Amino acid sequence: MHNPNRPLISSAATGISGIALALIGAPWWLTALAFTCFALGLLVTAIQSVFPQDSAHRLAWWRARWNHRQRRQNTPPTGRRSNRPAPGATGPRPNPRKTSE
């Protein structure tokens, strides 16, 4: 388990150094397997640091994410795309801001 008093990078450096020393002269597949397992462990640690682990915080995070997704689905599109021609339209679209002389 990760010690909160020691930074993750120092733990990772220690682990990589230990694995490298232990695998000197080992077959390539064993070395690849060891480093894959180490990378998976770092990935799990990174995921646990990003997502909340306390159940009350986790529930609040999922509710906020759900509400955000619902709002995005129900929000009408912005007017930024109004300058694009309609599908099947031919020719240039007139500019309503341009005054003709």
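Source: prediction; values computed, not measured.

Enquirer: Outline the overall build of the chain, supporting the account with residue identities and numerical values.
Expert: In terms of helices and strands, the chain carries three helices and zero strands. Burial statistics for the chain: of 101 residues in total, 4% are counted as buried. By element, 61% of the accessible surface of the chain is carried by carbon and sulfur atoms, the whole surface being about 9,500 Å².

Enquirer: Residue-level account of the packing of aromatic side chains, with values.
Expert: Enumeration according to the criterion identifies one aromatic pair in this entry. For the ring pair Trp-61 and Trp-62, a centre distance of 4.8 Å and an interplane angle of 85 degrees mean the geometry is edge-to-face. Given a relative accessible area of 45%, Trp-62 falls into the partly exposed group.

Enquirer: Which residues make up a nonpolar patch on the surface, and what values go with them?
Expert: There is a patch of nonpolar side chains on the surface, built from Leu-40, Leu-43, Ile-47, Val-50 and Phe-51 and spanning about 460 Å² of accessible area. Following the sequence through the fold, Phe-51 ends up in the loop between helix H2 (28-50) and helix H3 (55-74).

Enquirer: Could you give an account of the confidence of the model for the chain, with specific residues and numbers?
Expert: Close inspection of predicted coordinates is inappropriate for parts of the model with low pLDDT. Mean pLDDT over the chain works out to 75, with 65% of the residues at or above the 70 mark. Mean pLDDT across the elements of the chain ranges from a minimum in helix H1 (residues 8-22), with 79, to a maximum in H2, with 85.

What counts and how
Residues numbered from 1 in each chain as written. Predicted model: local features only at pLDDT ≥ 70, side-chain atom pairs only at ≥ 80, totals over all residues. Heavy atoms only, no water. Helix = DSSP H or I, 4+ residues; strand = E, 2+ residues; numbered from the N terminus. Buried < 20%, exposed > 50% of the residue type's maximum accessible area, 1.4 Å probe, protein only. Areas by Shrake-Rupley, 256 points an atom, 1.4 Å probe, with all protein chains shown as cover. Phe/Tyr/Trp six-rings, centres within 6.5 Å; stacked < 30°, edge-to-face > 60°. Patch = residues over 30% accessible without salt bridge, like charges linked within 9 Å, V, L, I, M, F, W, Y side chains within 5 Å. Salt bridge = Lys/Arg side-chain N within 4 Å of Asp/Glu carboxyl O. pLDDT = per-residue confidence, 0-100.

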